[in-house]
Amino acid sequence: MELQELDSRIARLEADAARLPRQLDAITTEIADAGRALDAMRVRLDATRKDLRAKERDLEVTATKRAKAESRLYEVKTNREYSAVLLEIEEMKQEKAQTEEEILALMETQEGLTGDVRDADLRLKGRQEQARQDEAAVKKKLEGVEAELAVIRSQRATRAKDVPAGVLASYERILKARGGIAVAPVTAAAVCGACRVTIRPQAMQELRSANELMLCESCGRYLYWQE
C-alpha cells in the first residue's frame, strides 16, 4: 500500500515534470509567433511606403510631361497636331487623377499599418514582460517538482527493499499493465476499488483477516481491506 502511494506520487510528479517544459515551450512559441506577426506588419508598412514614394514620383513625372505638352500647344502648326496634343494632355490629366487616388489609398493604408505596428509592438513588449515572469514561475515550479521527485524516488527505493522480491516483481508487473494502479482498496460495498467488480463473500472474509495477499479475480490487482 505504501509502495503504491509512493508510485502514484511519482507518476503525478513525472507528469508535471513532463508538462512544465511544454509550458515553457508554449510561452516561447507564443512570443516568437507574435514577433513574426509584428515583423510581417513592418514589412507591409515598408512596402506601402515604397509604393507611396513610387506613386509620388510618377505624379511628378506626369506633371512634367503635362507641362511640356501644354507648352507645345503654342508650337503646333495644324489643327490635327493641336488636337493630338490636347488628347495627350487629357490622358495625362486622367493618369494624374488615378495616381492621386492611388496615393490617397496608400496613405490611408500606411496610416492604418502604422497604428497596427505601434499597437502590436506595445502588446509584444507587455507580453514579453509577462512571459519572463511566467517562465520564472514555471522554472521555479519545475525545480521544486524535480527536487521532490528525487526525494520520493529515494523513499520508494528504500521501501521497495522491504517487499519480498517475488511480490515486488508481481506488483511492478501489475503496475505497468494496469495504468499505474497495482493495489486497490475494498470497502463494505464489497467491490474492487479499481475495476468495481463485486468481491465474493468468502474472499471478503479472507481479505478482512489479512492473513495473506489477495488478488482481484477480475483485474488481478492486489486488494486490501479499508474500513
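Residues numbered from 1 in each chain as written. Predicted model: local features only at pLDDT ≥ 70, side-chain atom pairs only at ≥ 80, totals over all residues. Heavy atoms only, no water.

Draft legend 1. Focus on the overall build of the protein. Along the backbone of the protein there are 4 helices and 3 strands. In the protein, the succession of helices and strands from N to C terminus is α-α-α-β-α-β-β. Over its C-alpha atoms the protein spans a radius of gyration of 40 Å, topping by over 25% the 17 Å that the globule rule assigns to 227 residues. Projected onto its principal axes, the C-alpha positions of the protein cover 130 × 35 × 25 Å. (Helix = DSSP H or I, 4+ residues; strand = E, 2+ residues; numbered from the N terminus. Rg over C-alpha atoms; globule rule 2.2 N^0.38 Å.)

Draft legend 2. Representation of the pattern of salt bridges within the structure. Under the counting rule described, the total for this entry stands at 20 salt bridges. Here Arg49 makes a salt bridge to Asp46, at a shortest N to O gap of 3.8 Å. Here Asp46 and Arg49 lie together in helix H1 (residues 2-72), a separation of 3 residues that amounts to about one turn. Assessed through its relative accessible area of 32%, Arg49 is described here as partly exposed. When the shortest N-O distance is used, the salt bridge between Arg159 and Asp162 registers 2.5 Å. One salt-bridge network, in which partners are shared between bridges, spans Asp39, Arg42, Asp121 and Lys125. (Salt bridge = Lys/Arg side-chain N within 4 Å of Asp/Glu carboxyl O. Buried < 20%, exposed > 50% of the residue type's maximum accessible area, 1.4 Å probe, protein only.)

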